[in-house]
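Structural description and commentary
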Amino acid sequence: MSANIIDQCVAQGVPFARDYGGLLDNRSFGGVLVSRTFYAKGQTGQQLLLGAYSAMNRQIARGKITPFNRHEMLDIVKVDGKARGIIARDLVTGKLERHSAHAVVIASGGYGNVYFLSTNAMGSNATAAWKIHKKGAFFANPCYTQIHPTCIPRSGDYQSKLTLMSESLRNDGRIWVPKNIEDVKAIREGHKKPTDLSEDERDYYLERRYPAFGNLVPRDVASRAAKERCDAGYGVNATGEAVYLDFASAITRYGKEQAKIHGIQNPTDAKIYELGKGIVEAKYGNLFQMYEKIVDENPYETPMMIYPAVHYTMGGIWVDYNLMTTIPGCYAIGEANFSDHGANRLGASALMQGLADGYFVLPYTIGDYLSHEIRTGKIPTDTPEFEEAEKSVKDRIDFFINNKGSHSVDYYHKRLGNIMWNKCGMSRNAEGLKEAAAEIKALREDFYKNVSVPGSADELNSELEKAGRVADFLELGELFAKDALVREESCGGHFREESVEEDGEQKGEAKRNDAEFAFVSAWEFKGEPSDAVLHKEQLEFNEIELKQRSYK
Amino acid sequence: MNLTLKIWRQKGPKDKGSMVDYKVSDISEHMSFLEMMDVLNEQLISEGKEPVAFDHDCREGICGSCSMFINGEAHGPDRGITTCQLHMRMFKDGDTITIEPFRAKAFPVIKDLVVDRSSFDRIQHAGGYISVNTYGNTQDANAIPISKYAADEAMDAATCIGCGACVASCKNASAMLFVGAKVSQYALLPQGRIEAVDRVKNMVAQMDLEGFGNCTNTGACEIECPKGISLENIARMNREYLSANIKD
Ligand SMILES: Cc1cc2nc3c(=O)[nH]c(=O)nc-3n(C[C@H](O)[C@H](O)[C@H](O)COP(=O)(O)OP(=O)(O)OC[C@H]3O[C@@H](n4cnc5c(N)ncnc54)[C@H](O)[C@@H]3O)c2cc1C
Ligand code: SF4
Ligand code: FES
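Residues numbered from 1 in each chain as written. Chains lettered and ligands numbered in written order. Predicted model: local features only at pLDDT ≥ 70, side-chain atom pairs only at ≥ 80, totals over all residues. Heavy atoms only, no water.

**Regarding the overall build of chain A**
The line we're drawing: The helix and strand labels rest on DSSP assignments: H or I over at least four residues marks a helix, E over at least two residues marks a strand, and numbering proceeds from the N terminus. Only the C-alpha atoms count toward the radius of gyration. The rule for a globule is 2.2 Å times the residue count to the power 0.38. Each residue's exposure class comes from its accessible area (1.4 Å probe, protein chains only) as a fraction of the maximum for that residue type: buried when under 20%, exposed when over 50%, partly exposed otherwise. In what follows, residue pairs with any heavy atoms lying within 4.5 Å of each other are defined as contacts. Computed with the Shrake-Rupley method and a 1.4 Å probe, the accessible areas treat only the protein chains shown as cover for residues. Counting rule applied: Lys, Arg positive; Asp, Glu negative; His and chain ends not counted. A single reference atom marks each charge: NZ on Lys, CZ on Arg, CG on Asp, CD on Glu.
A count of helices and strands for chain A gives 14 helices and 16 strands. The globule rule puts the C-alpha radius of gyration for 552 residues at 24 Å, and the 25 Å found for chain A is close to it. With the C-alpha coordinates aligned to their principal axes, the bounding extent of chain A is approximately 85 × 55 × 50 Å. Across the 552 residues of chain A, 56% fall into the buried class. For chain A, contacts bridging at least 24 residues in sequence account for 68% of all contacts bridging at least 6. Of the accessible surface of chain A, which amounts to about 23300 Å², a share of 51% is contributed by carbon and sulfur atoms. Of the side-chain charges in chain A, 68 are positive and 78 negative, and the distance between the mean point of each set is 2 Å.

Written as structure tokens, this is what we have:
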């Protein structure tokens, strides 16, 4: 499948890197030890997106797609149980619109912003997914979140989002913290620099714990290991939430290699550094520049600081093999659905899934559904179903505009984010999850009493847009905690402190419980998140055997 | 640090608009420019006033939406970055900062600092693609070898994020750097060559229709472009355009 996708994207003009022979070049990526990932500079994801965008432009030019820029879907409309349209708001004029259709496809991305801080774009939200959930689409595995190990650490309370440093950096960077707590203190207080520490004084904790995979362990393992060190007090910046990603050995290694290639006998250390730096610069120059702009430190001279951040949500709308949700005629594709990744996701596979859903699966499965609708004709929008859906959307907007409370939308979003990060983050336990559910519910009640949305409903109003999204996050967050509580095992990105290996080589590592938990949790909405009903979809594995992962 | 901000406020497309002064205090040098704007907006909301509208999404230099003209420069005083990547350490205590939208006839203001750049979308509808269907069955990507140099150059052109800084910086409000980058990405690759003639003609025609100005080789666009798109791309587009018209 992935080879097909590369062929497709190349045909569309995505400039994948080539080697000197003119063939596709590749490199290794987190979670694997062999070079098997094709790439386009440090921005493969962005280029695949632009490729899809160009294909859409072609269809727009041919009149097959009508784009509605600056519009937000705010509800789905069902007629006789089937998805028959949506209510959308023109974000510029504030006008509510009715759009009817024979099928509805949700491609609205993931819900990582339920944590307030994540690597997701500021506009990413769960509203479309949550609205269809409330109208009958099951929501699967909401607690499955990917927390990415290589992000730039938070610098203060004003932080609005987190920046991902490409995973490719882990190919050449070595992750460490000081071995001695005194050195940590000295570094935080500015008395010592990381480069002052000798090899003996450093703890390359991934290489120590996972000798086989070292710095290339999967994202969830690398993230938890960083948290473990920082929780133990070894974090290297003022907030205590940062570890080093060091390129010094890579620079030396590449420098020596280059010296050999160029036939330089007995190169000086300075020459080795210069040659090695050149290679690192060619590979990661743009990322290093980005880091320097944000943190104001030169990563060629001093190690980078990184810390895990919320990056991707494996959970999402439940779909069948045809990508249809439990609402007939309503489909969900891409990060918005729960398919493909299970409890974990390996590097580079999100776009593989999104492109496969959109290019290779949906065009065939939706055609089958539509073939039964050939005689349906155009669906009118002046019906009670559309009327009612539009009214409920309008009522909610009017509520926010008229509420005149005392706190901004961000005030609530940040509080929600705090609860999520502390109690539903990289490691979870029953007590914390119960508290989280109760705290989110209380926060939601306070939100409806005291939120303040300035401006009016009939203009561009970003506070109003955010208010609707945060209201939905405040419900989704509670379901998230409830789901995490039910899953009493550790698996993939979901780590339950009660479920760890007690002894042996794997002591302290995540412990699965396949006998009891080899199922998808698909939640049905029943009014309040706490009333949601669990449907278990049993997972059957025929070709592979389920087993504990080992990166030792 | 404490700052004075002079910001363009415009209620809607038809409103005349004007500069309004604001004061912000305790701004940390580690904040990004947009985080400073967040602080201002929180302050305005708490005073019962309307926050300043501005476009932003990725906040890491990818989406190209954060179009601000800061102290007379698109994306502000730093180089090789977008507004969202600009940090407050570029300013000092007591500074006055002027913040305006990207201005061009083809980028009408929607509200405050938000402009409508759908003219860029329409230029891409006119030819910013290769005519291939998206349901698989394409040929093996290695069947057409591509020289590393051509692939790298196409990649450099493909880094354009469509932010419009080139237009905002140009005294003629020309979109040649943007269109040049899009034309080049495809013209440099064998898969894109097949439609190269139609593509350049259609995209240039749409660019003119949208009301973008002409290029008089001042080069301000290249300096302000956050992605380092080079003037070489304009030259390549001109060559493509000339030879396309000769072929007619
Ligand atoms: C910084 C970063 C780097 C990444 N790098 C990689 C990588 O290298 N490789 C990889 O495989 N994956 C990567 N990922 C993950 C991958 O990019 C995402 O999973 C993928 O983009 C999701 O695609 P999507 O089309 O499903 O959703 P999105 O790309 O999130 O698109 C959803 C769209 O829906 C719109 N939308 C949402 N709600 C509504 C609504 N109610 N009405 C109308 N529109 C709405 C949004 O505005 C958005 O345009 C990365 C993610 C991030 C954040
Ligand atoms: S060429 Fe540069 S300045 Fe112009 S739109 Fe592209 S990235 Fe922005
Ligand atoms: S917000 Fe995306 S480039 Fe600035």
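**Brief notes about the pattern of salt bridges**
All names here are of chain A. Operational definition: Between Lys or Arg on one side and Asp or Glu on the other, a salt bridge is scored when a side-chain nitrogen of the former is within 4 Å of a carboxyl oxygen of the latter.
On inspection of all chains with the given rule, the structure shows 62 salt bridges over all chains. Across the pair Glu387 and Arg98 runs a salt bridge, and its minimum N-O distance is 3.6 Å. A residue pair is termed long-range when its members are at least 10 positions apart, and Glu387 in helix H10 (residues 384-403) and Arg98 in strand E5 (residues 96-100) qualify at 289 residues. A salt bridge links Glu489 to Arg487; its shortest N-O distance comes to 3.0 Å. Among the residues examined, Glu489 registers a relative accessible area of 2% and is labelled buried.

**A short note on the site of ligand 2**
Operational definition: Nearness is defined per residue: one heavy atom within 4 Å of the molecule or strand is enough. Here the nonpolar group is Ala, Val, Leu, Ile, Met, Phe, Trp, Tyr, Cys and Pro; Asp, Glu, Lys and Arg are the charged ones; every other residue, Gly included, is treated as polar.
Contacts to ligand 2 come from 13 residues, most closely from Cys160, Cys163, Gly164, Cys166 and Cys225 of chain B. Per-class residue counts for the shell around ligand 2 are 11 nonpolar, two polar and no charged.

**Observations concerning the packing of aromatic side chains**
All names here are of chain A. Keep this limit in mind: Think of it this way: a Phe, Tyr or Trp ring, Trp meaning its six-membered ring, pairs with another when their centres are within 6.5 Å, and the plane angle makes it stacked under 30 degrees, edge-to-face over 60, tilted otherwise. Any Lys NZ or Arg CZ found within 6 Å of a ring centre and within 35 degrees of that ring's normal is scored as a charge over the ring.
As enumerated under the stated definition, the model contains 27 aromatic pairs over all chains in all. Ring geometry for Phe400 and Phe447: centres 5.9 Å apart, planes at 70 degrees, overall edge-to-face. Taken together, the residues span a long stretch of sequence, with Phe400 in helix H10 and Phe447 in helix H12 (residues 430-450) at a distance of 47 residues. The rings of Phe399, Phe400, Tyr411, Tyr412, Phe447 and Tyr448 are connected pair by pair, giving a single aromatic cluster. Here Arg415 stacks its cationic end above the ring of Tyr411, 3.8 Å away from the centre of that ring.

**Details of the packing of helix H7 (residues 248-261) of chain A against helix H8 (residues 269-295) of chain A**
Residue and element names in this part refer to chain A. The criterion, for reference: With axes taken as lines fitted to C-alpha atoms, and helix axes fitted only over the stretch in contact, angles between N-to-C directions fall between 0 and 180 degrees. Should an angle fall under 35 degrees it is taken as roughly parallel, and over 145 as roughly antiparallel, whereas 65 to 115 is taken as roughly perpendicular and any remaining angle as oblique.
Interhelical geometry of H7 versus H8 gives an angle of 110 degrees and a closest axis separation of 7 Å. When the axis of H7 is compared with that of H8, the two are roughly perpendicular. In contact with Ile251, Thr252, Tyr254, Gly255, Lys256, Gln258 and Ala259 of H7, H8 contributes Ile272, Tyr273, Leu275, Gly276, Lys277, Ile279, Val280 and Lys283.

**Points about helix H4 (residues 181-188) of chain A**
Residue and element names in this part refer to chain A. Applied cut-off: Note that the arc is computed from the directions linking the helix axis to the C-beta atoms.
By the burial criterion, the buried members of H4 are Asp183, Val184, Ala186 and Ile187. Along the axis of H4, the buried positions cluster into a sector of 165 degrees, meaning they face one direction only. Turned more than 90 degrees from where H4 packs its buried face, Glu182 and Lys185 sit exposed. Looking at the buried residues of H4, the elements they touch are strand E9 (174-178) and strand E11 (243-246). Positive phi appears at Gly190, one or two residues downstream of H4, with a value of about 85 degrees.

**Brief notes about a nonpolar patch on the surface**
Under the convention used in this document: Each patch groups residues whose relative accessible area exceeds 30% and which form no salt bridge, using 9 Å between like charges and 5 Å between nonpolar side chains of Val, Leu, Ile, Met, Phe, Trp and Tyr.
On the surface, Leu539, Phe541 and Ile544 of chain A cluster together into a nonpolar patch covering about 270 Å² of accessible area. Relative to the elements of secondary structure, Phe541 of chain A occurs in the segment after strand E16 (533-538).

**Some remarks on the layout of surface pockets**
Residues and elements named next belong to chain A. Applied cut-off: A cavity here means a set of 1 Å grid points, computed over protein atoms only, where a 1.4 Å probe fits but cannot escape. A pocket is an open set with protein on both sides within 12 Å along at least 5 of 7 lines, and lining residues have an atom within 4 Å of a point. Grid points are joined across faces, edges and corners, and a volume is the space filled by probe spheres set on the points. Where each domain starts and ends follows an automatic or database-derived domain assignment.
Reported here for the second largest pocket is a volume of approximately 1600 Å³. If you trace the second largest pocket, you find 48 residues lining it, with Asp340, His341, Gly342, Ala343 and Phe541 closest to the centre. Only helix H9 (349-371), helix H14 (514-517), strand E15 (519-524) and E16 provide two or more residues apiece to the lining of the second largest pocket. At six residues, the largest contribution of residues to the lining of the second largest pocket is made by H9. A breakdown of the residues in the lining of the second largest pocket according to their chemical character gives 23 nonpolar, 12 polar and 13 charged. The two domains that each donate at least three residues to the lining of the second largest pocket are domain 1 (2-66 + 108-147 + 311-371) and domain 3 (384-538).

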